[in-house]
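Reading the structure
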Amino acid sequence: MSRKRSRVRKEEDMSSNLESGGGEGRISSDTSFESTSRTSIIDAGPSLQSPAPYSDDPIAIAERDRCAYGRIPRAAALAGTASRRVRVYSDGIYDMFHQGHARQLQQAKTVFPNVYLIVGVCSDRLTHSRKGRTVMTEDERYEAVRHCRYVDEVVRDAPWEYDEEFLEKHKIDFIAHDDIPYTTQDCEDTYAMIKAKDMFVATERTEGVSTSDIVARIVRDYDIYVRRNLARGYSAKELNVSFLNEKKFRLQNKMDELKDKGKKVMTNIGEKRVDILTKWEEKSRELIDAFLLLFGPDGRLSNIWNESKGRLMQALSQPPSPRGSPAPSENGDDPEPLNRGSASPPPPKSRRYEDLWDQQADASSSECLGESQEAAQRQLTDDGSDSDDDYQDTSPYL
């Protein structure tokens with residue numbers, strides 16, 4: 001409640017400043033669009049509870065009938081000394097109702113201390129013939145405007161140009177619009193007659209915000225908005241998209257979903273990186289220990305390989321050559337082998353073959369000895385005779 005009182009006091013101060021300043025003509029943007037009297041604030045209460053009525057609704061008709069129409073001079077409107085609320089009219093297309101529209105209506109509502117704002121909205125037929133196609137239908141544009149809190153009444157199918165009949169029908173005191181000349185086929189400025197009657201109040205446009213800018217933004221980012229609507233359940237037929245483009249857009253949506261999931265995973269990893277690094281270090285140590293236990297120089301596989309290698313080399317190597325058997329002892333027993341750790345010699349041959357071999361060797365040796373003696377004797381006694389009887393020893397020693 002205190003906030004409302006402070007706001008009312010502030011508005012009263014601004015109204016007193018306007019009264020002291022006086023003057024006619026265009027109102028400065030610093031003061032005219034911020035002034036609102038206590039009456040306008042009190043009357044704004046019911047308008048916030050329900051949308052503004054249309055001009056043919058009973059509430060609007062009753063308000064118009066209570067008005068004793070006689071155009072209020074600009075000075076009295078500025079001073080706030082008029083006997084009734086000042087009826088200000090503002091018109092437009094209001095396609096894709098945005099903040100620029102709302103600010104323009106706010107300026108029209110606060111141009112005088114006590115204002116009853118009437119807003120005219122052109123129909124689709126008139127708008128398409130004069131300006132071009134709209135995004136919203138006329139009913140949608142009517143509803144958008146009547147739900148603006150600055151609006152007190154809405155005129156449907158508003159005219160493009162004004163005449164005295166229209167002004168008297170709606171009991172209009174002033175018309176609020178931006179000061180840019182709007183040309184038609186018949187005249188260079190649609191508001192020329194209104195300006196001549198000193199009924200025109202200039203408002204300011206919001207830079208960088210317009211319906212054309214929004215449409216250009218949609219056309220520029222056409223693919224993005226088509227993909228968004230496909231993801232929300234719209235069909236390709238509703239969006240006037242071909243079959244191939246639909247598949248392309250849906251694939252792009254899937255790729256974007258994967259990118260978003262990847263970003264979320266990376267974010268979670270960044271938050272839990274310490275725990276993950278610690279666990280990874282522990283697991284890596286376990287893996288290294290298991291690897292060394294299996295493949296290290298003293299590991300299981302090395303032992304298995306060494307054993308297998310030794311067995312393989314032993315199997316592929318040649319057996320050692322047999323040693324000569326030692327002579328038998330006097331009592332006929334075999335001598336005890338010197339090296340018991342070495343491989344056992346091959347079994348001896350049968351004794352029968354040894355005896356046979358010895359007999360043959362003795363016979364051959366005796367035969368050779370006899371032949372050698374006989375040759376030596378023949379050499380000593382060889383004097384040309386054929387027998388030993390003819391041999392005479394002439395040795396002086398005999």
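Up top you'll find the structure we're talking about.
The structure contained in this document is the topic of the report that follows. Numbering of residues starts from 1 in each chain and follows the order in which that chain's sequence is written. Two thresholds apply to this predicted model, a pLDDT of at least 70 for residue-level local features and 80 or more for giving and counting side-chain atom pairs, whereas whole-chain, interface and lining totals are computed over all residues. Only heavy atoms go into the side-chain values, all of them from the structure, while hydrogens and water stay out.

Observations concerning the sheet that holds strand E1 (residues 86-92)
Think of a sheet as strands paired side by side through backbone hydrogen bonds, with each pair either parallel or antiparallel. For clarity, the threshold we go by: Here a strand pair is declared whenever DSSP counts at least two bridges between the two strands. Elements are defined by DSSP. Helices are runs of H or I of four residues or more, strands are runs of E of two residues or more, and each kind is numbered from the N terminus. The convention used is that axes are lines fitted to C-alpha atoms, helices contributing only their stretch in contact, and that angles between N-to-C directions extend from 0 to 180 degrees. Pairs of residues are marked as contacts when any of their non-hydrogen atoms sit within 4.5 Å.
Here we have five strands laid out as an open sheet, ordered E3-E2-E1-E4-E5, and parallel in their pairing. Because the sheet does not close on itself, it has two edges, and the strands there are strand E3 (153-156) and strand E5 (200-203). Averaged over all neighbouring strand pairs, the angle between strand axes comes to 30°, with direction disregarded. Examined bridge by bridge, strand E2 (residues 115-121) and E3 share four bridges and lie parallel to one another. If you follow Ile 118 over to E3, its bridge partner there is Glu 153. Contacting E1, E2, strand E4 (174-178) and E5, helix H5 (residues 99-109) crosses the sheet at an angle of about 140° to E2.

Quick word on the nonpolar core
Grouped burial of nonpolar side chains is what soluble globular proteins tend to show. Rules: Residues grouped as a nonpolar core are buried Ala, Val, Leu, Ile, Met, Phe, Trp, Tyr and Cys residues, joined through side-chain atoms within 4.5 Å. For every residue, the accessible area (1.4 Å probe, protein chains only) is compared with the maximum for its type, and the residue is labelled buried under 20%, exposed over 50%, or partly exposed between those bounds.
Membership of the largest hydrophobic core comes to 26 residues, with the highest contact counts inside it found for Val 88, Leu 105, Phe 112, Leu 117, Val 119 and Val 151. Mapped onto this core, the elements with two or more residues apiece are helix H4 (74-79), E1, H5, E2, helix H7 (138-146) and E4. If one sorts the elements of this core by residue count, E2 sits on top with four residues. Formed by 15 residues, the second largest nonpolar core is a distinct cluster that contains Val 155, Ala 158, Phe 166 and Leu 167.

Let's talk about unusual backbone geometry
Excluding glycine, a negative phi dihedral is what most residues carry, and trans is how most peptide bonds are arranged. For Lys 171, which is not a glycine, the phi torsion comes out positive at approximately 50°. The phi torsion at Asp 198 lies on the positive side, around 60°, for a residue other than glycine. Examined against the element boundaries, Asp 198 turns out to sit in the loop between helix H9 (192-196) and E5.

Overview of the side chain of Lys 109
In this structure, Lys 109 sits in helix H5. According to the relative accessible area criterion, Lys 109 is buried, its value standing at 14%. When sequence neighbours within four positions are dropped, the list of residues in contact with Lys 109 reads Arg 85, Val 115, Leu 117, Tyr 150 and Asp 152.

A closer look at the packing of aromatic side chains
Worth spelling out the cut-off: Aromatic rings from Phe, Tyr and Trp, taking only the six-membered ring of Trp, are treated as a pair when their centres fall within 6.5 Å; an angle between ring planes under 30 degrees marks them as stacked, one over 60 as edge-to-face, and anything in between as tilted.
Enumeration according to the criterion identifies seven aromatic pairs in this entry. Relative to Phe 166, the ring of Tyr 89 lies with its centre 5.4 Å away and its plane at 75°, an arrangement referred to as edge-to-face. Of the two residues, Tyr 89 is situated in strand E1 and Phe 166 in helix H8 (residues 164-169); the sequence distance between them amounts to 77 residues. Seen from their ring centres, Tyr 162 and Phe 166 are 6.1 Å apart, and the 40° between their planes marks the pair as tilted. Judged by its relative accessible area of 11%, Phe 166 falls in the buried class.

Things to note about the pattern of salt bridges
Defined as follows: Within this document, salt bridges are pairs made up of a side-chain nitrogen of Lys or Arg and a carboxyl oxygen of Asp or Glu, the two lying within 4 Å of each other.
Tallied over the entire structure, the rule returns 14 salt bridges. With a closest N to O distance of 3.2 Å, Glu 143 and Arg 146 form a salt bridge. Of this pair, Glu 143 and Arg 146 both sit in helix H7, three residues apart, roughly one helical turn. Judged by its relative accessible area of 33%, Glu 143 is partly exposed. Residue Arg 146 is classed as buried on the basis of its relative accessible area, which comes to 14%. Taken together, the salt bridges that share partners define one network made up of Arg 71, Glu 164 and Lys 197.

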